Structure formats: C-alpha cells, structure tokens
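Observations on chain architecture
This is what each chain is made of:
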Amino acid sequence: MNIHLTQLGCRLNFSENHQLARALQGAGHVVVNRPEQAHVAVVNTCAVTVAASGKSRRLLRHLHRSHPDLRIVATGCHATLEPAATGQLPGVWRVVPNQDKDLLPNLLQAWSAELPDLDTLLRLEPDASPLPQDAGGRSRAFVKAQDGCENRCTFCVVTLARGAGRSRPAKDVVLEMQSLADEGFREAVLTGVHLGSWGRDLEPEGLHLAELVHRVLSETDMPRLRLSSLEPWDVPESFFDLWQAWPERLCPHLHLPLQSGSDRTLRRMARRCTQAGFRELTTAARAVVPDLVLTTDVIAGFPGETEQDFADSLEFIEEMAFADAHVFPFSARPGTAAAAFGDQLPNTEKSRRVREVQSVVAVTGDRERRRFLNTRRKVLWEGDGTALDDGVGTLWQGYTDNYLRVETVVPVGQSLSNQIMDTHLAALDGIVFQGRIAADPASSGKGISRMPQVQVMGPHGQ
C-alpha cells in the first residue's frame with residue numbers, strides 16, 4: 001500500500017512521522033512524497049493554538065478536495081481533542097488518537113486487500129521516500145525520546161492531548177540514533193513534549209536527560225546532536241558540562257521557553273520559573289558555552305496581563321538577547337484553566353503586543369547573529385541545491401551547529417548535499433548569512449536576500 005505522511009506543528013510530530021514511516025516500510029508499505037501517488041494519507045494534526053486547530057482542519061479538507069479518492073487518517077493532538085468533529089470532515093476515514101499512534105501500521109494493514117493497485121499507474125520509484133519529504137530529507141532526523149507532560153501550565157492544551165509523561169528507554173533511543181546514522185543522517189534532534197523530564201519514570205530512579213545525551217554521544221556515530229525545547233527548570237548548571245565533553249557533536253543551541261518576562265504573569269501561567277532564575281540559568285549557560293545561541297517562546301496578551309506586566313516582559317526579553325522567538329497571541333483553549341480567567345484581552349491588543357515582542361526580538365536577534373560575522377562555523381548543507389538563473393551557480397542552504405541559517409553559491413555540478421563543512425560567515429543578509437566554504441575561498445558566497453522576521457508559532461513549534 002502506498003502511504004503519504006504529512007504533519008503540522010511541533011518537532012515531535014515530525015519525529016513521530018519519521019518513526020511511522022520506518023514502521024510502515026518495515027510492514028511492506030511504500031511511503032510516497034505526493035498524495036496523488038497514495039492510497040492513504042496520514043495527517044498528524046496540531047492543536048496547540050486555535051489557529052493550529054484551524055490549519056489542521058483546512059489541511060484535511062484540502063487533501064480531500066484535491067484527491068477525492070484518497071483515504072485520510074487523522075491523528076495527532078487536534079484529532080485527539082476533537083475526534084467526533086474530525087471524523088465528520090469529508091474524506092476522513094479514521095481518527096486515531098495519540099495513544100494509538102503506534103498501532104497505525106496494523107490498523108492500516110487491514111485496508112491493503114480492498115484498495116486498488118495504483119503501482120501500475122504511477123512511477124513510484126523516483127518519488128518514493130524513506131521518510132516524509134518535509135521532515136528534512138536525509139540530513140536531519142527527529143528522534144522522539146519522551147511524550148506527555150506532568151506540568152499544568154494554565155494556557156497549555158498539550159497535557160490534555162498527550163497525557164502523562166512517558167520516557168522511551170535509553171537503549172531504544174540509542175538504537176534508533178545509530179540506525180539513522182547508518183542510513184546517512186548527519187544530525188538528529190532529540191525531541192519530546194517535556195523533553196527535560198526524560199528518565200523520571202524509568203528505573204533506576206533519578207535518571208536525568210544528561211545521561212541520555214551522554215549515551216547517545218558515546219554509543220552512536222551520529223555526527224551532530226541537537227536538543228529540542230527544554231523547560232528552564234529542568235536544566236541544572238551541571239548540564240552544560242556536556243558541551244565541554246562533546247564540543248564538536250553537541251550543537252551549541254538551546255530553546256528555552258520563557259512565555260513571559262513578567263513574574264506576575266508567570267505565576268498566573270503556573271510556570272515554574274522567575275526572571276531571576278531564568279537570568280541565572282542563561283548566564284551560566286553562556287559562561288560555559290560562549291558560542292551558544294538561545295531561542296525562546298513568548299505568549300503575548302495573556303489574560304490579566306497589564307501594561308506594566310507587558311512592559312516588564314519586553315524589558316526582560318530584550319535583556320535576555322534571544323536570537324529568535326516563536327511569538328504568538330494568547331489562545332484560549334477549551335479545557336485549560338486560562339480559558340476561564342477573567343480580564344481576557346481583545347484580539348487587537350494581543351496582536352499589538354505580538355508585534356512589539358517581534359520588534360524587540362528582531363533587534364536582539366540581529367545583534368546576536370552579528371556576533372558570528374567573519375567567523376567559521378560548521379554548516380550542514382541540506383537538500384539538493386537550487387540552480388541559479390545564470391546557469392553557472394547553484395544555491396545551497398544549511399544551518400550552523402548553533403542554528404544560524406546560511407546560504408552559499410558554488411559552481412554547477414558541485415554538490416554540498418548532506419555534508420558538514422567549515423564555512424566562513426562572510427556577510428549577513430537579513431536573517432541569513434552568506435557563506436564561503438572554507439576549503440574553497442573562490443566560492444562567491446552570494447545568496448538570496450531575506451528580510452528580518454520572527455515567526456509566529458505555537459509554544460512547542462520550534
């Protein structure tokens with residue numbers, strides 16, 4: 001059976017589609033890049049905000065309109081929280097809640113005998129994919145180490161959709177990492193809903209994420225390991241010693257969700273951090289890892305957020321000097337405590353505050369990126385390159401170890417695909433560095449102009 005996988009939302013959804021693709025192929029199915037080649041499409045939905053739920057519904061409807069004969073399976077957080085409404089959407093044949101995702105290969109197997117044979121009509125081989133195409137090709141993989149969350153942040157619906165925290169055994173994570181390295185992946189992103197809680201539910205007691213990271217780096221050949229979002233209260237100062245032990249392989253980039261820079265708002269959010277604690281943590285991290293790049297999440301317009309609260313938050317966000325931030329307006333999610341709070345702000349005010357946070361982060365982000373001008377960083381070049389109109393150059397895109405976006409131009413016929421290369425960051429064009437491959441000083445380093453921007457995304461959508 002030919003199956004198309006797609007997703008919205010966080011890196012965890014990408015990771016789950018990676019795992020599902022491998023499981024489906026192991027069961028004899030073919031994962032295809034384009035829905036028109038598929039018997040079935042599996043959509044891993046998102047519900048972290050009202051907008052994310054809306055996007056999930058629109059994607060499901062679009063798939064059915066574009067491919068009326070396609071059987072659609074809806075899974076993920078939106079499908080879990082609203083199963084009845086999701087199941088009534090046209091083209092949706094089955095709704096699979098998060099807790100049953102691992103059963104999808106078996107659930108889909110029952111359809112195989114009754115579906116028509118499309119293989120004789122489609123040229124599958126060029127478009128068949130070992131993993132979902134939009135999950136980073138063969139350069140970067142996403143590995144799920146943990147699911148669920150024990151926190152009770154008053155704004156967050158993810159706990160309702162994902163359930164209690166659950167850790168994957170370290171040996172399973174290590175085996176998957178090595179398998180991906182053997183397949184040619186050059187970087188893996190360790191992900192989870194509450195990644196920093198990994199190990200608390202495992203034996204022996206007292207396991208910490210640091211031990212999993214150590215095992216991955218010491219027991220696998222994965223060239224680069226990147227950590228997904230970590231709650232600040234899960235990170236002890238000793239955690240940063242990992243970067244001293246593995247400076248070439250552990251990426252110097254941390255995504256620490258702040259959500260607000262106001263202590264009063266943080267208390268209403270039921271966040272287990274304060275300005276002082278966050279400041280102390282970031283100071284310790286930067287002292288041990290000087291090239292560290294920090295990114296974050298911010299909610300603007302939380303219920304009861306006064307003008308003074310917001311001013312305090314802006315000032316602290318500027319002080320923290322984030323390179324980027326996922327900024328989004330407060331979204332009242334049914335079933336969460338904050339949805340019932342008084343003093344809900346109007347959408348126009350929330351939007352204004354989003355723009356102000358974005359403006360602050362645009363400035364701090366530009367300042368942070370300029371720290372790395374005229375330095376060398378290791379860049380993982382991704383994709384297949386884009387031929388330029390001049391016919392003699394190919395544009396390549398990639399990311400440094402500390403998650404700075406880089407472009408370069410090399411002569412046609414020279415492939416950088418899936419290579420980690422020393423690159424001189426010669427110029428900064430908006431949010432994108434123009435690079436020169438260090439081994440090839442004649443490379444032009446020219447790239448496409450980009451304007452500074454800060455994405456508006458959900459709190460788990462790094």
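Higher on the page you've got the structure.
Worth saying up front: this structure is predicted, and the values here are computed from it rather than measured. (Residues numbered from 1 in each chain as written. Predicted model: local features only at pLDDT ≥ 70, side-chain atom pairs only at ≥ 80, totals over all residues. Heavy atoms only, no water.)

Attention shifts here to the sheet that holds strand β4 (residues 71-75). Reading across from one edge, β2-β1-β3-β4-β5 is the order of the five strands in this open sheet, with parallel pairing throughout. At either margin of the open sheet sits one strand with a lone partner, and together these are β2 (30-32) and β5 (92-96). Neighbour to neighbour, the strand axes of the sheet diverge by 25 degrees on average, direction disregarded. Across the sheet, helix α1 (residues 11-26) lies against β1 (2-7), β2 and β3 (40-45), angled at about 170 degrees from β1, the strand it touches most. In the packing of helix α2 (residues 50-66) onto the sheet, the strands contacted are β1, β3, β4 and β5, and the crossing angle to β3 comes to about 170 degrees. (Pairing = 2+ DSSP bridges. Helix = DSSP H or I, 4+ residues; strand = E, 2+ residues; numbered from the N terminus. Axes fitted to C-alpha atoms, helices over the stretch in contact; angles between N-to-C directions. Contact = heavy atoms within 4.5 Å.)

For the rest of this paragraph, the subject is the packing of helix α11 (residues 275-288) against helix α12 (residues 307-320). α12 packs onto α11 with a crossing angle of 10 degrees between their chain directions and a minimal axis gap of 11 Å. Judged by the inter-axis angle, α11 sits roughly parallel to α12. Of the residues in α12, those in contact with Q275, F278, R279, T282 and R286 of α11 are D312, F316, E319 and M320. For the contact of α11 with α12, the residue count by class is three nonpolar, two polar and four charged. (Parallel < 35°, antiparallel > 145°, perpendicular 65-115°, else oblique. Nonpolar A, V, L, I, M, F, W, Y, C, P; charged D, E, K, R; others polar.)

Our next topic: unusual backbone geometry. The omega torsion of the bond from E203 to P204 falls at -5 degrees, within 30 degrees of zero and hence cis. In this fold, P204 is placed in the loop between β8 (187-192) and α8 (209-219). Positive phi values are uncommon outside glycine, yet A321 reaches one of about 55 degrees. With respect to the helices, strands and loops of the structure, A321 is situated in the loop between α12 and β12 (324-329).

Now for the packing of aromatic side chains. This structure, assessed with the given rule, holds nine aromatic pairs. Centroid distance F239 to W243: 5.6 Å. Interplanar angle 70 degrees. Geometry classified as edge-to-face. For F239, a relative accessible area of 2% gives the class buried. On the basis of relative accessibility, which here comes to 5%, the residue W243 falls in the buried class. Where F302 meets F341, the ring centres are 6.1 Å apart and the plane angle is 85 degrees; that geometry is what we call edge-to-face. Taken together, the residues F302 in the loop between β11 (293-300) and α12 and F341 in the loop between β12 and α13 (347-370) connect sequence positions 39 residues apart. The exposure class of F302 is buried, given its relative accessible area of 0%. (Phe/Tyr/Trp six-rings, centres within 6.5 Å; stacked < 30°, edge-to-face > 60°. Buried < 20%, exposed > 50% of the residue type's maximum accessible area, 1.4 Å probe, protein only.)

What follows deals with the pairing of β1. Among the six residues in β1, six count as buried, and that is most of the element. Pairing geometry for β1 and β2, over three bridges, is parallel. Bridge assignment links N2 to a residue of β2, and that residue is V30. Considered for its hand, the β-α-β crossover made up of β1, α1 and β2 is right-handed. Taken together, the five bridges between β1 and β3 define a ladder with parallel strand orientation. When the sheet's bridge partners are listed, I3 is paired in β3 with V40. (Right-handed = clockwise from strand over helix to strand, strands pointing away.)

Functional significance is not addressed by these values, which are geometric in nature.
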